[in-house]
Amino acid sequence: VTLPFREALEQITRIRGVRGAMLVAGDDGLVVAEALMEGIRGNAVAALAASLAKRLRKAAEAAGGGVPRFLHLQARGGTLLAVPAPDGILLVAVGDRDVNVGLLRLEMRRVAEAVV
Amino acid sequence: MADDIKAMTAELARDPGSLVFLKLGEALRARGQIEAATRIAASGVVRHPELAPAHDLYARVLVDQGDFERAYHEWTVALELEPRHFGAHKGLGFLCYRWGDLDGAIEHLELALAADPTDATVVQALQRVREGVDLAAVALPLAPAAAPAGVASPWDALEGGGHDVLLADRRGLLLAGSVCDREGRNVGEELAAEIAVAAQEADRTARLLDLGEWRSLLVEGETMNLLVSRPTGQTVLLLARDRAVPQGRLAVLAERAAGIARAWLQAGRT
C-alpha cells in the first residue's frame, strides 16, 4: 500500500495531541508537504528538524548504532518526532506534552514506509 | 549477568557471525570476567581470522592473563592485516617497553598516535617512555578501551555498567566517560562534540516550537539506541545501550546516569 503525501500526513495528524506533521527533504531541510496547526512555522521547523536529524545520525553512526530509525525530542511542553522515509525524506511530527508517543511512533513508522 | 552482556550474548547466539563479540569481549574484560572474555575473543579470531580488531581483542585478553608472547603474536597479525591499527601499535608499544626495547616502544606509540592523535593515554605513555618513567604507572593498553586513563567514569554502578555513557560540556569537550564503537574503539571525544551541537539544535527547535526546555533526545538506531539528556544547564549526557533495552527502561537509566553526573560534578569531579 502506498500513500500520497496529503493522506500520509492526515494519518498522523488525526492522532490526538498531534499539532502537525510534515514531510521534509532530509538533505536541505525544505518542506515537501505539511499539515500544521496555525502558528507553527513550517519552514523553520523543517530546517531545524533536518539539521537535528543529520547531527544525530552522525552521532549514532559514530557510536556504531547504525542509521537512526526514529528520533524523539522530548521537551517540557511538547514533543517532536522524526522518522526517515524513502528517498531521503524525513517524516516529522509535533505533538503536545500528553501525546501518546508509543502510538505516534508506530503510526509514523508505518506511514513512512508507505509514503510515495 | 548485566543486561547488556545478556543482550550481546543473545545476539551472538542468534548470529554467531556478528561482530558484537568485539563489544561483548570488551565488556567482559571490563567486568573482570577474563575467562569468558578469552572464550569469546578466541572464537572471534577463529571465525574472523582476517579481522584485525578480533586479533587486537584476543591480544588484550592474553595480556590480562599474563601471556605476553602470544599477545605479541596476535598484535603482529593484526598489523599484518591492518598496518595502521591503533590498538595493535599501542599494545606492542607496551610490550616493547616491558621487554626493555625503548626504541620499539617509542616507534609503536608514535604510530599509534599517528593513527589516533586524540588518544590521551598514548600521548601520556609516549611522554613517560621518553622520560624513562615506569610505564606501569601509565594505564596504557591494559585498561579496557572503554576506560581510557585520565578520564573518570563515575557510572560504574549503573545498570549495564559504566561504559557507553559520557558527559560533555556545552562546548563539546569530554568531561567523563567513554563510548566504544563496534570495533571497540573509543569514540567518546567525537561523540561529545556531536551531542553538544545536537543539544544546541534541540534548544533552537524547542524554542521555535515553544515547547519549553527540552529534556531528552532519543535516537533509535539499527543496533543501538542513544539517549541524550542535560543533567545541568552546562552539560550534556549521552547513554548508549543495545536495542534490546526497552526505550522506557533506557529513559530510566538515563535519568539515573544524569543524577550520578550531577553528584559527580558537585563533588568536584573526583
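What you are looking at is a predicted structure, and each value in this text was computed from that prediction instead of being measured. By convention here, each chain's residues receive numbers from 1 onward along its written sequence. As a convention, the first chain written is A and the first ligand written is 1, with the rest following in written order. Totals for whole chains, interfaces and linings use all residues, but because this is a predicted model, local features are given only for residues with pLDDT of at least 70 and pairs of side-chain atoms are given and counted only at 80 or more. Here the side-chain values reflect all heavy atoms present in the structure, with hydrogen atoms and water set aside.

(A) Quick look at the packing of aromatic side chains. For this analysis, a ring pair means two rings from Phe, Tyr or Trp (six-membered ring only for Trp) whose centres lie within 6.5 Å, classed as stacked if their planes differ by under 30 degrees, edge-to-face if by over 60, and tilted for the remaining angles. The final tally for this structure, using the stated rule, is one aromatic pair over all chains. Ring centres of tyrosine 72 of chain B and tryptophan 99 of chain B lie 5.6 Å apart, and the angle between their planes is 50°; on these two criteria the pair is classed as tilted. In this pair, tyrosine 72 of chain B is assigned in helix H5 (residues 68–81) and tryptophan 99 of chain B in the loop between helix H6 (86–98) and helix H7 (102–115), connecting sequence segments 27 residues apart. By definition here, charges over rings are those cases where NZ of Lys or CZ of Arg is within 6 Å of the ring centre and within 35 degrees of the ring normal. Above the ring of phenylalanine 70 of chain A, the side-chain terminus of arginine 105 of chain A is found at 5.5 Å from the ring centroid. Numbered from the N terminus, helices here are DSSP runs of H or I no shorter than four residues, and strands are runs of E no shorter than two.

(B) Structural detail: the interface of chain A and chain B. Between chain A and chain B, the residue contacts involve 36 residues of the former and 34 residues of the latter. What counts as buried area is the accessible surface, traced by a 1.4 Å probe, that two parts surrender upon association, with contributions from both included. Together chain A and chain B conceal approximately 3,100 Å² of surface at their shared face, both sides included; 62% is due to carbon and sulfur atoms. Among the residues of chain A in contact with chain B, Leu48, Arg55 and Arg76 of chain A are the three that bury the most area, contributing 18% of the side total. Definition used for salt bridges: Asp or Glu carboxyl oxygen within 4 Å of a side-chain nitrogen of Lys or Arg. With a shortest N-O distance of 2.9 Å, glutamate 220 of chain B and arginine 105 of chain A are connected by a salt bridge. Every residue pair with non-hydrogen atoms within 4.5 Å of one another is taken to be in contact.

(C) Layout of the side chain of aspartate 169 of chain B. All names here are of chain B. By the secondary structure assignment, aspartate 169 is in strand E1 (residues 165–169). A relative accessible area of 10% means that aspartate 169 is categorised as buried. A polar side-chain atom of aspartate 169 sits 2.8 Å from a polar atom in the side chain of arginine 171. The buried label applies to any residue whose accessible area, calculated with a 1.4 Å probe on protein chains only, is under 20% of its type's maximum; exposed applies above 50%, and partly exposed to all values in between. Definition of a polar contact: a pair of N or O atoms within 3.5 Å, with one able to donate and the other able to accept a hydrogen when the atoms are protein atoms, and with sequence-neighbouring residues admitted only if both atoms are side-chain atoms.

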